[in-house]
Amino acid sequence: MDRALRRRLEARFGDRLTGPVRQRHDETEIRVGPGDVPDTLRTLHDDPSFRFEFLSDLCGVDTGLVMQVVYHLWSETTTDWLRVIADGLSRDDPRVPSITSLWKGAEWMEREAYDMFGITFEGNRDLRRIYMPPDYTSFPLRKDFFLADDAARSPGAGVRHQEQTHTPRNAPPGRAIRVAKEA
Amino acid sequence: MTTSHEGPRLRQQSQDDPRVMLDIDAGAFEPVPPYPPRTEREAEFYTLGDGEMFLNMGPQHPSTHGVLRIVLKLNGEQVVDLDPVLGYLHRGVEKISENSDYHHIVNQLDPLEYVSALFNEWAYVMAGEKLLDLQVPRRAEYIRVLSSELLRISSHCLFMGWFALDLGGLTPVLWSFIERDEIVEMLGALTGARMLFNYFRFGGVNGDLNHEFMSRLGSWMSRAASHVEANTGLLNENEIFVRRSRGLGVVDRETALRMCMTGPNLRATGVPFDVRRAHPYSVYPELDFDIPTRSEGDSLARYLLRVDEIRQSLRIIDQCLHQMPDGPVMAKIPRKITPRPGRAYAAVESPRGQYAIYMMSDGTDQPFRLRIHDPSFLHLQSVGLLMPGNLVADTMAVMASLDPVMGGVDK
Amino acid sequence: MTTVSRAWSRLTLPGKLIFTLIPLLAALTVGLLVALLLIGPFVWTFLTDNLPLVRFVIAATAVLLMSIPTAFIIIYMEMKIIAQMNLRIGPDRVGPYGSLLSVVHGLKVLVKEDFTPTGADTPVFTLAPVVVYLGAVMSLMVIPFAPGLFGQDFNIGLLYFFAVGGLSVVGLMMAGWSSYNKYSLLGGLRSAAQVISYEIPLTLSVVGLLMLAGTMSLNTIVLNQSGSILDWYIFRQPLGFLIFFIAATAEANRTPFDLTEADSEIVAGFATEYSGMRFGFFFFAEYVGVFIVSAMTVTLFLGGWNAPFDWPWPITVNPDPGSLGILLLILIGVVPVLSTLAFAAPFWLLRSNMPGWQALIIGFVISNLVAVAAVLGWAFISFDWVVGLLWFMLKTYAFVFTFVWMRGTLPRVRIDQLMGFAWKWLLPASLLNLFVTAGALIVLNR
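These numbers come from a predicted model, not from an experiment. (Residues numbered from 1 in each chain as written. Chains lettered and ligands numbered in written order. Predicted model: local features only at pLDDT ≥ 70, side-chain atom pairs only at ≥ 80, totals over all residues.)

Take the interface of chain B and chain C next. Facing 30 residues of chain B, the contacting portion of chain C comprises 29 residues. Of all the secondary structure elements, the ones that give two or more residues to the side of chain B that touches chain C are β3 (53-57), α5 (138-167), α6 (171-191), α8 (239-245) and α14 (392-402) of chain B. Grouping the constituent residues of the side of chain B that touches chain C by class yields 18 nonpolar, seven polar and five charged. (Contact = placed C-beta atoms within 7 Å. Helix = DSSP H or I, 4+ residues; strand = E, 2+ residues; numbered from the N terminus. Nonpolar A, V, L, I, M, F, W, Y, C, P; charged D, E, K, R; others polar.)

Shown next, in the form of structure tokens:
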């Protein structure tokens, strides 16, 4: 838990953060809006007091209310992992600027987030599906993904019982999707 | 989009009735997608220049490290560009985990990097322990380190054998598999399974060390070092092997950092980044070992680096055995695990690189989001940068030197 | 129904077979006898007038037939020896120590489905294995296995060997192109480039030896090396031997030069689309090729069928059984029985629970083996071709073992490294060898 890091982050990015800097165990978390992502990450990468040169992970999250893109960074200057959350993407058309200009290795991670959530990364040269076949129409990791729906549209639809289009027997009317509880 | 084949259009006989000729272009398989290119990169890749052709190293191939499809754009024997196509082993582990109890997920995560399964479990239980605010007993930590380092040696032995096999030598695979066989038997005596262990739990490990494991470990340790020297001596001084792997697939420091490579592939380029030292976890701060680093960045350096890592792992195992404390092997946890709502990120140093789990919990007994970050995924991305200019025969050699495991790549 | 058809329908299947075949056989025999009587004398005079032709036909057939068991033996050797090097066991189920496995493989390729892929050029596709196999087997004609035991002794035998060896390139290219498959194309091109590049150092390395021997006839070259081990050409042309061995490894597509069949890169190279007996042809052709290059190395550089020291034999033993008279008949009746009993007795006496008939069988087998060994020993000491054949086979199989050893140990080289090696190293080395030999000959003859 690096308090000095927290102070530096608040000093540098105070106006852009959409929430407090949270720290727990060895992780520090900041939240920014989607448009601020490239600037923030570029500053974190280039600034000699931060030097977060190492992109550890890039993933998408569907909280049930909004979508988020989560970046994990590592630097030699601090003992903590830094988590940057691009918060507040709409669930209908989530868009975030791409960071492939900073780290080329993020290209496939963004492709995976697109494939699984439908998040469009603007500026990614190769935003096509990576795991699912190219003609797949759903985004599997979204909370409103319903397998039977999706399977009903596949070429093998109706062959087996679970591929017929129907709602689950125990589902409440107006099916609820799981929503995250923020700590 | 142009295709390279402009020959006569052949029609295929139907398998059901040989009198019927189907309206399918037979025998002219071109691995181009059946729709116009949708992205810039697709357009760039799937248009052929002068004298170029596509070669499909399909999901069934004697040498890809699992089911992987690579489309090569060749100019004669030289590779101009390549496009890996993934998804043949995609099992939806992340989605399944969202509907599973926390206990079940340990078993789900084993088949990801199936060659070294304990590291997958370790990252997960570390993330869970952060959310549960659990303290793991020291004996459990030492057992975790011991079993993981054994598995690291086993995975690197597999790599050595596979690398030599992709270059054409038949013998090193079988010699390395002797080591791997013994280690796998050992871990089978300890955990109950030979390959997908399901051994780590939140708060510790599933069972204590037993007599059979210790006796096998003792007899193996007494000859491990000499075996390793014998196996590596077969390849290190072989002129053909060295000439084929030196200067092959060179990665320099900046490229490696930009491509987010980790593990031995990054350390072979000169960056001494090892999660065990950069962001220490478990009892690694108490153990004395070096981080081997090389600066050439070619396949030979990656190979030699992994051999050095085997030696360092032997040191660590030795220290674990000497410093093993007494005590319980598992902390007290409730039967139904409900972590506090929050997020946790935990990373371990697997034999391939940094393996990380990002877990979001919402207070119930099923995780809200389980993100698996696998190192082989990013290494495969780099193959596209390393190959152009090399020959077809080197495609497999370069891929083998990066040591990907498709289970992790495809999740 | 007539009587005949009623009787026919009452027969069982064996009966029907007998009643069809016996008249057929009778008719055939009578026809054969008549033909023999009529044209026999003409055929006989023709054959006796053209004895060399007869000899050639028999030799060619023998060579062709001999190539298949050789391939079987070498395949088995390779599987077993590489297994031992890999610390495994290898085949050990089919036959004693797995020795019949190659035979089973041969039968398997015969019964596999033999199809032509869609889009392949069928006549070329079908003929390619034949051409490759021909190129391998035809070179066996000139190799002298023993004194007097060779197919044909051309006075340009060596040139014939190299010419026919190049025929296989055509076959490989035919296979690669006609398969309508990019992997096969790559494999065919690679192999053509490889074989052509290595033919030049191969032929040039032997020119020095030709200058020393003065002839291209292989039989004469072997005769020149008779005497002791120091007469073998390897001591007079060491560099030539080395270059020949390396170039021959590349010609035979063996590791470390086996990229044409590199199954970790291009599946099976030019043979990707082949199955069944067509693939069997490629398979056998490769192993016969191994035998051929070993045999050629031995013939040219290691003295062929000569023993390392002056063989003091053949000793002619002239048994004259007729002089024994009636004793011969008694011996023929008594000796087998006596020897069976003699060899059975120790087993029956020493093992108390062995039934008598088992001991007798063992005794019979052992006495047969002893008789065969005695005959072989007599042949060994009285026929010089038996001795020569034995030495030749010993040396050749030592080289075959070396090829198998290299396959188990070495990785393979890349195509550009392979070509670079041939053109930048082997070719200048063979030219150097040539000039040094020529210079030495001039200097020493003066």
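Moving on, there is more to tell.
Residue and element names in this part refer to chain B. Counting buried positions along strand β9 (residues 353-361) gives nine out of nine residues, so the element sits mostly inside the fold. Bridge count for strand β8 (residues 342-350) against β9 is nine bridges, and the pairing is antiparallel. What sits directly across from A347, in β9, is A356. As consecutive antiparallel partners, β8 and β9 are separated by two residues. Sheet topology places β9 next to strand β10 (residues 369-373); five bridges connect them, and they run antiparallel. Bridging across to β10, M359 finds its partner in L370. (Buried ≥ 20, exposed ≤ 12 C-beta atoms within 10 Å, placed from the backbone. Pairing = 2+ DSSP bridges.)

Here the focus is helix α4 (residues 101-111) of chain C. All names here are of chain C. Taken together, the buried positions of α4 are occupied by L101, S102 and H105. Down the axis of α4, the smallest arc covering the buried residues is 95°, so these residues share one side. Facing away from the buried side of α4 by over 90 degrees, the exposed positions are L107, L110 and V111. In this structure, the buried side of α4 is in contact with α3 (51-85). (Arc of directions from axis to C-beta.)

With that settled, consider the interface of chain A and chain B. In many analyses, interface size is given as the accessible surface area lost on bringing the parts together. Contacts between the two partners involve 34 residues from chain A, matched on the other side by 37 residues from chain B. Elements represented by at least two residues in the side of chain A that touches chain B include exactly β3 (54-62), β4 (67-74), β5 (81-89) and α3 (106-117) of chain A. For the side of chain A that touches chain B, the element with the most residues is β3(A), which contributes six residues. Taken together, the residues that form the side of chain A that touches chain B break down as 18 nonpolar, four polar and 12 charged.

Residues and elements named next belong to chain B. Here helix α12 (residues 299-323) crosses α14 at 35°, and the two axes come no closer than 9 Å. In the crossing of α12 with α14, the sense of the turn from one axis to the other is left-handed. In this structure, α12 contributes S299, R302 and Y303 to the contact, and α14 contributes A397, V398 and S401. Each residue belonging to the contact of α12 with α14 can be placed in one class, and the counts come to three nonpolar, two polar and one charged. (Axes fitted to C-alpha atoms, helices over the stretch in contact; angles between N-to-C directions. Left-handed = near helix turned anticlockwise from the far one by under 90°.)

This part takes up the domain arrangement of chain A. Residue and element names in this part refer to chain A. If you check the domain split of chain A, you get domain 1 (3-130) and domain 2 (132-165). Listed by partner, the interface residues are eight residues for domain 1 and eight residues for domain 2. Its residues assigned to classes, the side of domain 1 that touches domain 2 comprises two nonpolar, two polar and four charged. (Domains from an automatic or database assignment.)

Attention now moves to the domain arrangement of chain C. Under the domain assignment used here, chain C contains domain 1 (54-313 + 405-445) and domain 2 (321-382). One C-alpha centre belongs to domain 1 of chain C, the other to domain 2 of chain C; they are set 44 Å apart.

Our focus in this paragraph is the nonpolar core. All names here are of chain B. Among the nonpolar cores identified, the biggest contains 243 residues, and L72, A123, A127 and I357 are the most heavily contacted of them. Examining the composition of this core, we find that 17 residues originate from one element, α5, more than from any other. When sequence neighbours within four positions are dropped, the list of residues in contact with L72 reads F54, L55, M57, V79, L82, V392 and T395. (Core = buried A, V, L, I, M, F, W, Y, C linked by C-beta atoms within 7 Å.)

It is worth spelling out the sheet that holds β4(A) at this point. Residues and elements named next belong to chain A. Across the sheet, which stays open at both edges, the five strands sit in the order β1-β2-β5-β4-β3 with mixed pairing between neighbours. Since the sheet does not close on itself, it has two edges, and those belong to β1 (22-24) and β3, each with one partner. On average, each strand axis in the sheet is inclined to that of its neighbour by 20°, with strand direction left out of account. Where β4 and β5 come together, six bridges link them in antiparallel fashion.

All names here are of chain B. With 16 residues, helix α4 (residues 117-132) should reach 22 Å at 1.5 Å per residue; the first-to-last C-alpha distance of 23 Å fits that figure. Buried residues dominate α4, accounting for 16 of its 16 residues. Immediately downstream of α4, the backbone of D133 shows phi near 55°, a positive value. (Expected span 1.5 Å × (residues − 1).)

All names here are of chain C. Position of A285 relative to the elements: it lies in helix α11 (residues 276-301). Considered as a pair, A285 and A136 are 149 residues apart in the sequence and their alpha carbons are 5.9 Å apart. In this structure, A285 is in contact with V132, Y133 and A136, ignoring residues within four places of it in sequence.

All names here are of chain A. Extensive coverage of strand β2 (residues 27-32) is indicated by the burial of five of its six residues. The pairing of β1 with β2 spans three bridges and is antiparallel. Pairing of Q23 across the sheet is with T28, part of β2. What sits between β1 and β2 in their antiparallel hairpin is a turn of two residues, with H25 showing a positive phi close to 50°. Inspection of the sheet shows β2 paired to β5 by six bridges, in the parallel sense. Within the sheet, the bridge partner assigned to V32 lies in β5 and is A86.

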